[in-house]
Amino acid sequence: MTITKTMRIGIVCYPTFGGSGVLATELGKALAQKGHQVHFITYQQPVRLGAFTPNIFYHEVQVPTYPLFDYPPYETALASTMVDVIKNNNLDLLHVHYAIPHASAAYMAKQILKKEGKNVPVITTLHGTDITLVGRDKTYAPVVTFSINESDAITAVSDNLRDETYKHFKITKEIEVIKNFVDVSRFNRKPIDAFKKMIAPNGERVVMHASNFRKLKRIPDVIKIFKELNDKIPSRLMLVGDGPERPAAEDLCRDLKLMDAVRFVGKQEQMEDILAIADLFLLPSEYESFGLAALEAMAAGVPVVTTNAGGLKEINIPGETGYMGDVGDVKAMGQQAIKILRDNEVLRQFKERAATHAKKFDISIVIPLYENLYEKFL
Ligand code: GMT
């Protein structure tokens, strides 16, 4: 389908390093590049937004506080900002990423605007923990169910997440699967030699993990898999990101006498430069609706060892792009890492196949799917 009309699109997301925020920001940037006007509505400038672009606008949600508020009402402030931005910029539609609280705030904004005679279509993209972890909690479930059902369109980032949503919520509408994407050209970088030398001075294999260091990511498993590998093949582990599990992870590295081989590098914006020096990416999560971090690694030509949980099966092909193990089976995943890294030629082939496979998820393929969806509502 050819797009004839440029649109004015509101994107609501978390601005942080999490997958949903990264995806939403990359989507907005790509839509702007295609000539659409994009308005980000969130509480901080999204980390991946980068350089100034004339047709990208950023509207910060301000949450005024008051001594009475033990919990500042972000959702109310967000809904009011949505109304203001939609009205004053004559937006054609609102695309919210991560159901909580974005879908319910969007519902509220939609109802306010309806009273004023403006219909604004709301598209909700489900990303993972908004459904599988937080959304299912009794405290949130009724509002999440209602606001998902009230969205004009619902998308999920993997088949698995669509199925999980139908399983756990009474959804009365069709959920369209539009899988996550990656800008392959962005990850096609040459390794910076000086950087590689700093991390692996003696040509050791470079293993990487990047996440928000929450329990679900199973950081101890990352370290144990690395230990299995490092006992056999000289290697270095780079841990990118930060979060609640980091102190315990540092303790575990000390206990296992791995501190010299492990680098905690904290939150990083230039993932493409970091991934360019990696030989293997580990993602042994308890669950991933998709595993965008693993796809970005593949786009950089880095094979992945992941669990077979959730949507990871939809991106990682065993024996081709890497391997998969059962959740917690660090021995098996350690052996898989060794299999990939022990021989230069085998590693080269895994790298090549990972990069080739990632191209199937290239941004150029997925953006038109969102545009087609938007067009249905114009
Ligand atoms: O991984 C996280 O905890 C962050 C979370 C988010 O919403 O920011 O990621 C979820 O969305 C990503 C983008 O769609 C997916 O690639 C991740 O797999 C998903 N995380 C989980 O399902 C745990």
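The model shown is predicted, which means the values in this text are computed figures rather than measured ones.

With that settled, consider the sheet that holds strand β4 (residues 93-97). The sheet built from 7 strands is open, its strands ordered β3-β2-β1-β4-β5-β6-β7 with parallel pairing. The open sheet has two edge strands, β3 (56-60) and β7 (175-177), and neither has a second partner. Averaged over all pairs of adjacent strands, the angle between their axes in this sheet comes to 25°, without regard to strand direction. Across 5 bridges, the pairing between strand β2 (residues 37-42) and β3 is parallel. Note on β3: the bridge partner recorded for F40 is Y58. Lying over the sheet, helix α1 (residues 19-33) contacts β1 (8-12), β2, β3 and β4, oriented at roughly 155° with respect to β2. Each of β1, β4 and β5 (122-126) touches helix α3 (residues 99-115); the most contacted strand, β4, lies at about 160° to it.

This part is about the domain arrangement of the protein. Considered domain by domain, the protein is made up of domain 1 (8-181 + 362-375) and domain 2 (184-361). The centre of domain 1, based on its C-alpha atoms, is set 30 Å off from the matching centre of domain 2. Overall, the association of domain 1 and domain 2 removes approximately 1600 Å² of surface from exposure, summing both partners, and the carbon and sulfur fraction of that is 54%. When residues of domain 1 are sorted by the area they lose upon contact with domain 2, F17, R48 and D362 head the list and together hold 33% of the total. At the surface where domain 1 touches domain 2, the tally comes to 3 salt bridges.

Moving on: the layout of surface pockets. Estimated volume of the largest pocket: approximately 1200 Å³. Where the lining of the largest pocket is concerned, the elements lending two or more residues are α1, β8 (205-211), β9 (235-241), α10 (271-275), β11 (280-283) and α11 (292-299). For the lining of the largest pocket, the element with the most residues is α1, which contributes 4 residues. Class assignment for the residues of the lining of the largest pocket results in 21 nonpolar, 18 polar and 9 charged. Each of domain 1 (8-181 + 362-375) and domain 2 (184-361) gives at least three residues to the lining of the largest pocket. The computed volume of the second largest pocket comes to approximately 310 Å³. Lining the second largest pocket are 16 residues, with K29, A30, Q33, D183 and I363 sitting closest to its centre. For the lining of the second largest pocket, the leading source of residues is α1, giving 5 residues. When the residues that make up the lining of the second largest pocket are grouped by side-chain class, the tally is 8 nonpolar, 3 polar and 5 charged.

Before going further, it helps to spend a moment on the sheet that holds β11. The strand order β10-β9-β8-β11-β12-β13 describes an open sheet built from 6 strands, whose pairing is parallel. One side of each edge strand has no neighbouring strand; the edge strands of this open sheet are β10 (262-266) and β13 (322-325). Strand-to-strand, the axes of this sheet are offset by a mean angle of 20°, without reference to chain direction. Where β8 meets β11, 2 bridges bridge the pair, whose relative direction is parallel. By the bridge assignment, M208 is partnered in β11 with F281. In the packing of helix α8 (residues 219-230) onto the sheet, the strands contacted are β8, β9, β10 and β11, and the crossing angle to β9 comes to about 165°.

Time to look at the packing of α11 against helix α13 (residues 344-358). A pair of packed helices is characterised by two quantities: the angle between their axes and the separation of those axes. At a minimum axis distance of 7 Å, the contact between α11 and α13 shows a crossing angle of 115°. Of the two elements, α11 crosses α13, and the hand of that crossing is left-handed. Residue-level inspection shows L295, M298 and A299 of α11 in contact with α13, the latter providing A354, A355, H357 and A358. Its residues assigned to classes, the contact of α11 with α13 shows 6 nonpolar, 1 polar and no charged.

Rules behind the numbers
Residues numbered from 1 in each chain as written. Predicted model: local features only at pLDDT ≥ 70, side-chain atom pairs only at ≥ 80, totals over all residues. Heavy atoms only, no water. Pairing = 2+ DSSP bridges. Helix = DSSP H or I, 4+ residues; strand = E, 2+ residues; numbered from the N terminus. Axes fitted to C-alpha atoms, helices over the stretch in contact; angles between N-to-C directions. Contact = heavy atoms within 4.5 Å. Domains from an automatic or database assignment. Buried area = accessible area lost by both parts, 1.4 Å probe. Salt bridge = Lys/Arg side-chain N within 4 Å of Asp/Glu carboxyl O. 1 Å grid on protein atoms, 1.4 Å probe; cavity = no way out; pocket = protein on both sides within 12 Å on 5 of 7 lines; lining within 4 Å. Points joined across faces, edges and corners; volume = space filled by probe spheres on them. Nonpolar A, V, L, I, M, F, W, Y, C, P; charged D, E, K, R; others polar. Left-handed = near helix turned anticlockwise from the far one by under 90°.

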